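The residues making up each chain are set out below.
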Amino acid sequence: MKLAETSSNRIVAYLDVLGFKDMIMKDDNEKLQQYFDIVRETLNSINGEENEIQSLLISDSVILSTELTETKFKQLAEVICFIQAKLALKNIWLRGAISFGDINFDVENKLVVGKGLINAFLLENAAKYPRVIIDPRILKAFDYNRR
């Protein structure tokens, strides 16, 4: 597999659970199980639908990717809102970002690499509170500023 040949310009979301290390250190297995169940159930529910959202769950990080279209952006935002709301009801808080850029997202080989992921990761690091930041370039790309 050649990375340059398999990467494409896509929307990428990077979500991070706040306080995850404390959950692990305190052996809060109930809360950990709630987190994994909510995320897995949500991601499983979108499989097979026309959403075509690729996903990878690694510890306290959820990485999502979809085509760079307005419709796919809205679908991704809805999935993230659902995950965030369900976790918040369990007092589990997310911080994250949605950006875009070239990315190689190979679920089969569990490989995610590219500028799109770095863009989302860096934007997530800029957030200081539980929230999901949308890269202003997405708003510009879909002309949301003029609506």
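Just above, that's the structure.
Draft legend 1. Geometry of the packing of helix α3 (residues 29-46) against helix α4 (residues 70-88). At a closest axis distance of 10 Å, the pairing of α3 and α4 adopts a crossing angle of 155°. With respect to their mutual orientation, α3 and α4 come out roughly antiparallel. Of the two possible hands of crossing, α3 and α4 adopt the one that is right-handed. For the pair formed by α3 and α4, the contact residues are Tyr 35, Ile 38, Val 39, Thr 42, Leu 43 and Ile 46 on the first element and Val 79, Phe 82, Ile 83, Lys 86 and Leu 87 on the second.

Draft legend 2. Structural context of the environment of Lys 31. By secondary structure assignment, the location of Lys 31 is in helix α3. Spatially, the C-alpha atoms of Lys 31 and Lys 90 are 7.7 Å apart, while their sequence positions differ by 59 residues. Residue contacts for Lys 31: discarding those within four places in its chain leaves Met 23, Lys 90, Asn 91 and Ile 92.

Draft legend 3. Up close: a nonpolar patch on the surface. A cluster of nonpolar side chains, Ile 118, Phe 121 and Leu 122, forms an exposed patch at the surface whose accessible area comes to about 290 Å². In this structure, Phe 121 sits in helix α5 (residues 115-126). For Phe 121, a relative accessible area of 36% puts it in the partly exposed group.

Draft legend 4. Quick peek at the nonpolar core. Core analysis: the largest hydrophobic core is formed by 27 residues, its most contacted members being Tyr 35, Leu 64, Leu 76, Leu 87 and Ile 98. Elements supplying a minimum of two residues to this core: β1 (8-17), α2 (20-25), α3, β3 (61-67), α4 and β4 (94-106). Look past the residues within four positions of Leu 76 in its chain and what remains in contact with it is Ile 11, Ala 13, Ile 53, Leu 64, Thr 66 and Ile 98. Residues Val 12, Leu 56, Phe 105 and Val 112 belong to the second largest nonpolar core, which totals nine residues.

Draft legend 5. Representation of the pattern of salt bridges within the structure. Applying the stated criterion across every chain yields a total of five salt bridges. Measuring nitrogen to oxygen at the nearest pair gives 3.7 Å for the salt bridge that ties Glu 70 to Lys 74. Of this pair, Glu 70 and Lys 74 both sit in helix α4, four residues apart, which is roughly one turn of the helix. Overall, Glu 70 belongs to the partly exposed group, its relative accessible area being 22%. Residue classification places Lys 74 among the partly exposed positions, given a relative accessible area of 43%. A salt bridge links Glu 124 to Arg 95, with the shortest nitrogen-to-oxygen separation between them at 2.8 Å. Residue Glu 124 is found in helix α5, and its partner Arg 95 is found in strand β4; the two are separated by 29 residues along the sequence.

Draft legend 6. Broad picture of α4. The end-to-end C-alpha distance of α4 is 27 Å, a good match for the 27 Å that 19 residues give at a rise of 1.5 Å each. Each element contacted by the buried residues of α4 is listed here: β1, α3, β3, β4, β6 (131-134) and α6 (136-141).

Draft legend 7. How the structure looks around the environment of Phe 73. Along the chain, the position of Phe 73 falls in helix α4. A sequence separation of 26 residues divides Phe 73 from Ser 99, and the C-alpha atoms of the two residues are 10.0 Å apart. Ignoring anything within four residues of it in the chain, the contact list for Phe 73 reads Ile 11, Ile 98, Ile 134, Ile 138, Phe 142 and Tyr 144.

Rules used throughout
- Residues numbered from 1 in each chain as written.
- Predicted model: local features only at pLDDT ≥ 70, side-chain atom pairs only at ≥ 80, totals over all residues.
- Heavy atoms only, no water.
- Axes fitted to C-alpha atoms, helices over the stretch in contact; angles between N-to-C directions.
- Helix = DSSP H or I, 4+ residues; strand = E, 2+ residues; numbered from the N terminus.
- Parallel < 35°, antiparallel > 145°, perpendicular 65-115°, else oblique.
- Left-handed = near helix turned anticlockwise from the far one by under 90°.
- Contact = heavy atoms within 4.5 Å.
- Patch = residues over 30% accessible without salt bridge, like charges linked within 9 Å, V, L, I, M, F, W, Y side chains within 5 Å.
- Areas by Shrake-Rupley, 256 points an atom, 1.4 Å probe, with all protein chains shown as cover.
- Salt bridge = Lys/Arg side-chain N within 4 Å of Asp/Glu carboxyl O.
- Buried < 20%, exposed > 50% of the residue type's maximum accessible area, 1.4 Å probe, protein only.
- Core = buried A, V, L, I, M, F, W, Y, C linked by side-chain atoms within 4.5 Å.
- Expected span 1.5 Å × (residues − 1).

Nothing here speaks to function; it is geometry throughout.
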